[in-house]
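Observations on the three-dimensional arrangement
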Amino acid sequence: MTALLDVDQLKTFLAIVDTGSFTRAADVVHKTQSAVSMQMKRLEERIGRAIFARDGRGNRLTEDGERLLDYARRIVHISREAVSAFADDALTGRVRLGVPDDYAERYLPEILARFSRSNPRVEVSVVCEPTSHLIGFIGRDDLDLAIITHASRKPVGEIIRQEPLLWVTSQRAMVHEEQVLPLALGTAACEWRETAIAKLEAMGRQHRVLYSSCNFTAVGSAVLAGLAISVLPESALRPGMRVLGPAEGFPSLPTCKIALLRNTGSLTETAQALADHIVASLDNMSATYEDRAIAAE
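Since this is a predicted model, take the numbers as computed values, not measurements. (Residues numbered from 1 in each chain as written. Predicted model: local features only at pLDDT ≥ 70, side-chain atom pairs only at ≥ 80, totals over all residues. Heavy atoms only, no water.)

**Observations concerning the overall build of the chain**
For clarity, the cut-off: Here a helix means four or more residues in a row that DSSP labels H or I, a strand means two or more in a row labelled E, and each is numbered from the N terminus. Relative accessibility thresholds used throughout: buried, under 20% of the residue-type maximum; exposed, over 50%; partly exposed, between the two (1.4 Å probe, protein chains only). Contact criterion: two residues are considered in contact whenever any of their non-hydrogen atoms come within 4.5 Å of each other. To be clear on the numbers: accessible area is Shrake-Rupley with a 1.4 Å probe, and residue cover counts the displayed protein chains and nothing else.
Along its length, the chain carries 10 helices and 11 strands. Along the three orthogonal principal directions, the C-alpha set of the chain runs to about 65 × 45 × 40 Å. For the chain, buried positions account for 45% of its 297 residues. Here the analysis covers contacts within the chain between residues at least 6 apart in sequence; of these, 76% occur between residues at least 24 apart. A total accessible area of about 15,300 Å² is found for the chain, and carbon and sulfur atoms account for 51% of it.

**What to know about the pattern of salt bridges**
Cut-off, in case you're wondering: Any carboxyl oxygen of Asp or Glu that lies within 4 Å of a side-chain nitrogen of Lys or Arg is treated as forming a salt bridge with it.
Applying the stated criterion across every chain yields a total of 15 salt bridges. Of the charged contacts, one joins Arg 96 and Asp 144 as a salt bridge, the two residues approaching to 2.9 Å between their closest N and O atoms. With Arg 96 in strand S3 (residues 93-98) and Asp 144 in the loop between helix H6 (131-139) and strand S5 (145-149), this pair connects stretches of sequence that are 48 residues apart. Judged by its relative accessible area of 19%, Arg 96 is buried.

**With respect to the packing of aromatic side chains**
Note the cut-off: For Phe, Tyr and Trp, rings pair up if their centres lie within 6.5 Å, where Trp contributes its six-membered ring, and each pair is then called stacked (planes under 30 degrees apart), edge-to-face (over 60) or tilted (otherwise).
Within the structure shown, the criterion is met by 4 aromatic pairs. On the numbers, 5.8 Å between centres and 45 degrees between planes, the contact of Tyr 103 with Tyr 107 is tilted. Of this pair, Tyr 103 and Tyr 107 both sit in helix H5 (residues 101-118), separated by 4 residues, roughly a single helical turn. Both residues of the pair, Tyr 103 and Tyr 107, count as buried. Centre to centre, the rings of Trp 167 and Phe 250 are 5.3 Å apart; their planes meet at 50 degrees, and the pair counts as tilted.

**What about unusual backbone geometry?**
Unlike most non-glycine residues, His 30 shows phi in positive territory, near 60 degrees. With relative accessibility at 73%, the residue His 30 sits in the exposed group. Here the phi dihedral of Asp 141 falls at roughly 65 degrees; this positive angle occurs in a residue that is not glycine. Among the secondary structure elements, Asp 141 is positioned in the loop between H6 and S5.

**A few points about the environment of Leu 260**
Mapped onto the secondary structure, Leu 260 falls in strand S11 (residues 255-262). Looking at Leu 260, the relative accessible area reads 1%, which means it is buried. As for Leu 260 and Ser 235, which are separated by 25 residues in sequence, their C-alpha atoms are 16 Å apart. When neighbours within four sequence positions are excluded, Leu 260 is seen to be in contact with Leu 145, Ala 146, Ile 147, Gly 157, Glu 158, Ile 160, Ala 275, Ile 278 and Val 279.

**Some details on H5**
Basically, it comes down to this: Here a helix's expected span is defined as the number of its residues, less one, multiplied by 1.5 Å. Throughout, the bend at a residue refers to the angle made by two axes, fitted to the seven residues ending there and to the seven starting there.
An ideal rise of 1.5 Å per residue puts 26 Å on 18 residues; H5 measures up with 25 Å between its terminal C-alpha atoms. Where H5 bends most, at Tyr 107, the angle is about 55 degrees, and the proline Pro 109 comes one to four residues later. Within H5, burial applies to Asp 101, Asp 102, Tyr 103, Ala 104, Arg 106, Tyr 107, Leu 108, Ile 111, Arg 114 and Phe 115.

Here you go:
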């Protein structure tokens, strides 16, 4: 008979991944470092594969460790949800969540509905700010969790979803054919802005930033009005927008990586429960741009 995975070992495994070290994970799970190492050894024996490999002075996940990660999160999440369903002392209190506004409209309804069904006595306080601000809030202990854009120049957080990054314009405008391309982009610190401008400069396409804002509604309004084009992740597309590709002379863009950043210094059981729901919710959202475009017609 195949041996079942130990949930406690999986919790320790996730703590190592989330904190980045065996030592910090030991504090999170309230075990000694040797006990943590022993748990990981037994977990590797149970699945018959190595899940960590030495990387300098630290450890990194192997390919099998990456495969296990998704299963571990789902198993631990289901375990917590099952216990909560029969517990007299249901989770209470308040958890602080940060999310950029371009992700909020797409993701929050599913996340909050899923979490509320399991934890009706918990208050979720939501802050909508750009990724750079949310990272600072986590560092200052002003947030428990944040859904952020994973930046290649300064990567933080656990990548939980990837989407295409797309050139977009209005369905009722031909502004993308103008000699000097008008752009509506994020502020100077936005990585998507840097990527778009770098792509245009590499192909020698004349352009100018006509509108800039860290607020998606403002950028999206300029696009829908037919005043400029922008670059947006698939989840931010709205009815009335049209995707531009190689046929219109626009090169492919890198994938948009969405990450979950945890405040590991003060992560409560309530905040961890919401984190589990966020990972599960985004993992289950599989509708593509094409699916949504057909549904909108």
